[in-house]
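# Architecture at a glance
What follows is the residue order along each chain.
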Amino acid sequence: MPDNVRNVIIVGSGCSGLTAAIYAARANLSPVVIDGHEPGGQLAITTLVENFPGFPEGIQGPELIDNMRMQAARFGAEFMPGHVVSVDLSRKAADGSKKPLEVNLGRESLLSRTLILASGASARWLGLPNEQALIGHGVSSCATCDGFFFSGKEIAVIGGGDSAMEEALFLTRFATKVTIIHRRNEFRASKIMLDRARKNEKIEFLTDTVVDDVLDASKKEVTGLRLRNLKTGEQWDLPSSAMFLGIGHTPNAQFVGDQLARDGDGYLIASEHVCSRAPGVFISGDVADRRYRQAVTAAGTGCMAALEAEKYLEQIGK
Ligand code: NAP
């Protein structure tokens, strides 16, 4: 194979990709990490992480991810900005022999013997008529990034999982009132997070309620939410200066197309452990995990993917 063929390319620079980079770099495989459109992944936009082992007082998400990045760089991992447009996992030479895997970044293509797909999952939107027009003007999926702009204001948070509880709790630092709007009366959130939100005097809950639209696109700012009670059908407008989404995530695996197995929501499916059905291609972290989705599990599968890549390279004699 020509010299420009890398040993390991890691798609994604979140917790999983960086853990894979630390392991691959320490194994002298000189991995290249493609940053992606959300460098650092979800930890980069969260606040205090209390459940990552080794930090008895917790650690800020961005600090944890910066540490991982420095750790990978120390052992020789290379970082490349940009995001992957497509991959070709089945290139063959004229004689039928396997050619290196190709990663298309739009402006250029890279070749590699192995690929670790750790591209994570991105925040979901509701798909309301005026939602996209108001992103950056009061509609947000990142409380950590945008909460500060709504100091002294009333804010709404959508969702009934841990993300919604975490966002709502964080936003009470700035807002005078936070209303959590959830489409059911039961919550997916863990008991500890739900209890914390319920005990917070600034947080109110509206259940069995959906958002029909966010107002007011003509003013280029959020002034309120048009809500509907699913049980009574009643519709009303709730004054609010912002709407924060905490309704889950979509896996970033579109660039793979149908070359690998994916489930109905697009999550990648491994054939065995972290090995995909394409030789030399390994998958780790939230892009393949709809069940656990924790920083520590993403790190764990990132480690596994790097170890499998190392083993594969040994097998093909590289
Ligand atoms: P999630 O658990 O899947 O919850 C998503 C919530 O959004 C659900 O309540 C869901 O309602 C609601 N939802 C989804 N689509 C909707 C729509 N179109 N309209 C209205 N509501 C909608 O996602 P998550 O909260 O992001 O959590 C993901 C994982 O990360 C979980 O394992 C969680 O424990 C973990 N996490 C942990 C922490 C922490 O420990 N600090 C923080 C954040 C996340 P239904 O319930 O009706 O489906």
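Residue numbering note: each chain is counted from 1, following its sequence as written. It should be noted that, the model being predicted, local features are given only for residues of pLDDT at least 70 and side-chain atom pairs only at 80 or more, the latter also being counted only at that level, while totals for whole chains, interfaces and linings use all residues. No hydrogens and no water enter the side-chain calculation; it runs on all heavy atoms of the structure.

Broken down by element type, the protein carries six helices and 19 strands. In terms of overall size, the protein behaves like a compact globule, its C-alpha atoms giving a radius of gyration of 22 Å where 318 residues would be expected to give roughly 20 Å. Referenced to the eigenvectors of the C-alpha coordinate spread, the extents of the protein come out at roughly 70 × 45 × 30 Å. Considering the protein as a whole, with its 318 residues, one finds that 48% of them fall into the buried category. Contact criterion: two residues are considered in contact whenever any of their non-hydrogen atoms come within 4.5 Å of each other. At a minimum sequence separation of 6, the contacts of the protein that also span at least 24 residues come to 60%. Per-residue accessibility takes into account occlusion by the displayed protein chains alone, with areas from the Shrake-Rupley method and a 1.4 Å probe. On the protein, roughly 15500 Å² of surface is accessible, and the fraction owed to carbon and sulfur atoms is 49%. Distance between charge centroids for the protein: 2 Å, based on 34 positive and 38 negative side chains. For helices the rule is a DSSP run of H or I covering at least 4 residues; for strands it is a run of E covering at least 2, with both sets numbered from the N terminus onward. For the radius of gyration, the atoms used are the C-alpha atoms, and the globule rule reads 2.2 Å times the number of residues raised to 0.38. Each residue is placed in one exposure class: buried if its accessible area under a 1.4 Å probe, protein chains only, is under 20% of its type's maximum, exposed if it is over 50%, and partly exposed if it falls in between. The convention is simple: Lys and Arg are positive, Asp and Glu are negative, and His and the chain ends are not counted. Positions of charges follow a simple convention, taking NZ of Lys, CZ of Arg, CG of Asp or CD of Glu.

The peptide bond linking Leu215 to Asp216 adopts the cis configuration, its omega dihedral lying at 10°. With respect to the element layout, Asp216 can be found in the loop between strand S14 (209–215) and strand S15 (224–229). Unlike most non-glycine residues, Asp208 shows phi in positive territory, near 50°. Inspection of the secondary structure puts Asp208 in the loop between strand S13 (203–206) and S14. When its relative accessible area of 15% is taken as the criterion, Asp208 is described as buried.

Glancing now at the domain arrangement of the protein. Residue ranges labeled as domains rest on an automatic or database domain assignment. What the domain assignment reports for the protein is domain 1 (5–122 + 249–316) and domain 2 (125–245). Distance from the C-alpha centre of domain 1 to the C-alpha centre of domain 2: 32 Å. Each partner contributes residues to the interface: domain 1 has five residues there, and domain 2 has seven residues. Counting the surface lost from both domain 1 and domain 2, the interface buries some 460 Å², and carbon and sulfur atoms represent 48% of this. The term salt bridge refers to a side-chain nitrogen of Lys or Arg lying within 4 Å of a carboxyl oxygen of Asp or Glu. The interface formed by domain 1 and domain 2 contains one salt bridge. For Arg196, the salt bridge goes to Glu50, with nearest N and O atoms at 3.5 Å. Definition of a polar contact: a pair of N or O atoms within 3.5 Å, with one able to donate and the other able to accept a hydrogen when the atoms are protein atoms, and with sequence-neighbouring residues admitted only if both atoms are side-chain atoms. Linking domain 1 to domain 2 there are zero residue pairs in polar contact (both at pLDDT 80 or more). Tallied by class, the residues present in the side of domain 1 that touches domain 2 amount to one nonpolar, three polar and one charged. Here's the idea: put two parts together, see how much 1.4 Å probe accessible area each one loses, and the total over both is what we call buried area. In this classification, Asp, Glu, Lys and Arg are treated as charged, Ala, Val, Leu, Ile, Met, Phe, Trp, Tyr, Cys and Pro as nonpolar, and every other residue, Gly included, as polar.

Over its 21 residues, helix H6 (residues 295–315) runs 30 Å from end to end, which matches the ideal 30 Å to within 8%, given 1.5 Å per residue. Along H6, the residues that are buried comprise Ala295, Ala298, Ala299, Gly302, Cys303, Ala305, Ala306, Glu308, Ala309, Tyr312 and Leu313. Looking at the buried side of H6, the elements it contacts are strand S1 (5–11), helix H1 (15–26), strand S8 (109–117) and strand S19 (281–283). Of the residues flanking the end of H6, it is Gly317, one or two places downstream, whose phi is positive at about 80°. Multiplying 1.5 Å by the helix residue count minus one yields the expected span of that helix.

This part takes up the nonpolar core. Ranked by internal contacts, the top residues of the largest apolar core, which has 23 residues, are Leu115, Leu117 and Leu260. Per-element tally for this core: the top contributor is S8, with three residues. Beyond its immediate chain neighbours, meaning those up to four positions away, Leu115 contacts Ile9, Val11, Val87, Leu89, Leu101, Val103, Gly280, Val281 and Phe282. Listed in part, the 22 residues of the second largest apolar core include Ile155, Leu171, Val178 and Ile203. Put simply, buried Ala, Val, Leu, Ile, Met, Phe, Trp, Tyr and Cys residues joined by side-chain atoms within 4.5 Å make one nonpolar core.

When DSSP finds at least two bridges between two strands, those strands are taken to pair. Spatial strand order, S10-S17-S11-S12-S13: five strands in an open sheet with parallel pairing. With one partner strand each, in any of the chains shown, strand S10 (139–140) and S13 form the two edges of the open sheet. Judged from the four bridges that link them, strand S12 (residues 177–181) and S13 form a sheet pairing that is parallel. Pairing of Thr179 across the sheet is with Glu204, part of S13.

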